[in-house]
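Inside the fold
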Amino acid sequence: MTHADLNALLVASGLSPRVALVIGSGLAPVVAELDVAARAAMDDLFRVQVPAVPGHAREVVVGRFAGVPILVYLGRYHLYQGLTAADVAAPIRALQGTPVRRLVLTNAAGGLDPAFQVGDLMLIRDHLNLPGLAGQSPLIPPRGAEVDFIPMRDAYSPELRELAHAAARAVGVSLREGVYAMVAGPSYETAAELRFLRAAGADAVGMSTVPEVVMARAIGLDVLALSTITNRAVADEPATPSHEEVVREGARAAERLAAVLRELLPRLAGQ
Ligand code: HPA
């Protein structure tokens, strides 16, 4: 594994970030004003070879954002790339033994709640881990090794959610809150699946984030997660999104997400 490499990157940066940030599809503009101290390709660091996905740079950057030392993953791995949940969560596992204590995850999601509009931001309060319920966990050990049973109640820190709401209020951005359903993709949902997810209590649906949250809780990080709503995912409306639409609308929502994060990160790093 690659803890040594990530630690080498931190040493090269001269910084000791307490916060890590994962930037999802089309959201790179969020950290346009990142003051970079050191960077590396995630694929080299984690020894994963998968084709590029539009909207995902897959770089790890250590630097300052809003004056705060931070480790940023620009892009992530997905189950739909033929990877395991452990592969997807490897960049989070690598944070073990670093100074990072808090993790902020961002993603693009479809809005299941008919009140959600394209461009809205949703703070994740809880999740439905569909791949996880079906056996895809980053915590499954090699055959015969010991298993850790990790509680997931309040996985999304109520205290950090309060800080996020306060930061959004301070910059005048409206922030919804809801339940995120993870599906494996890469096909988008059928109308029946959208009805199923909505009936099960989900407000947004996406193809990422949850394996990373499970790993973060297993290594003791506090978690905050934010979805940008890039498309409506409502059963009786005809359109299913294209990946291009998801990336384009993500980039538009990125400006408001950036405003919230600029206000939030000093609060997260300070306490
Ligand atoms: N479904 C699944 N994943 C997504 C969607 C969606 O509608 N939008 C962005 N990611």
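Residues numbered from 1 in each chain as written. Predicted model: local features only at pLDDT ≥ 70, side-chain atom pairs only at ≥ 80, totals over all residues. Heavy atoms only, no water.

1. Remarks on unusual backbone geometry
Note the cut-off: For the purposes of this entry, the term helix denotes a DSSP run of H or I that reaches at least four residues, the term strand denotes a run of E that reaches at least two, and both are numbered from the N terminus. Here's how the labels work: a residue is buried when its accessible area is under 20% of the maximum for its type, exposed when over 50%, partly exposed in between, all with a 1.4 Å probe on protein chains only.
The omega angle of the peptide bond from Gly 185 to Pro 186 is -5°, so this bond is cis rather than trans. The residue Pro 186 is located in the loop between strand S7 (175-182) and helix H6 (191-199) in this model. Here the phi dihedral of Arg 47 falls at roughly 50°; this positive angle occurs in a residue that is not glycine. In this fold, Arg 47 is placed in the loop between helix H2 (42-46) and strand S3 (59-65). The exposure class of Arg 47 is exposed, given its relative accessible area of 59%. Positive phi outside glycine occurs at Arg 58, with the angle close to 55°. The class for Arg 58 is buried, based on a relative accessible area of 6%.

2. A look at the site of the ligand
Spelled out, the test is: If a single non-hydrogen atom of a residue is within 4 Å of a molecule or strand, that residue counts as near it. Pairs of N or O atoms are called polar contacts if they sit within 3.5 Å, as long as, within protein, a hydrogen donor faces a hydrogen acceptor (for residues adjacent in sequence, only side-chain-to-side-chain pairs). Accessible surface is estimated by sampling points in the Shrake-Rupley manner with a 1.4 Å probe; for residues, cover comes only from the protein chains shown. Asp, Glu, Lys and Arg are counted as charged, while Ala, Val, Leu, Ile, Met, Phe, Trp, Tyr, Cys and Pro are counted as nonpolar; the rest, among them Gly, fall into the polar class.
Taken together, Ala 108, Ala 109, Gly 110, Tyr 188, Glu 189, Val 205, Gly 206, Met 207, Thr 230, Asn 231, Pro 241 and Val 246 form the complete shell of residues around the ligand. Measuring from a nitrogen atom of the ligand, one finds a backbone N or O atom of Gly 110 at 3.3 Å. Between the ligand and Asn 231 there is a distance of 2.7 Å, counted from a nitrogen atom to a side-chain nitrogen or oxygen. When the ligand is considered free in solution it has 260 Å² of accessible area, and contact with the protein chains removes 96% of it. Breaking the shell around the ligand down by element, the ones donating at least two residues are strand S5 (102-111), strand S8 (204-206) and strand S9 (222-232). The element that contributes the greatest number of residues to the shell around the ligand is S5, accounting for 3 residues. Of the residues in the shell around the ligand, the class split is 7 nonpolar, 4 polar and 1 charged.

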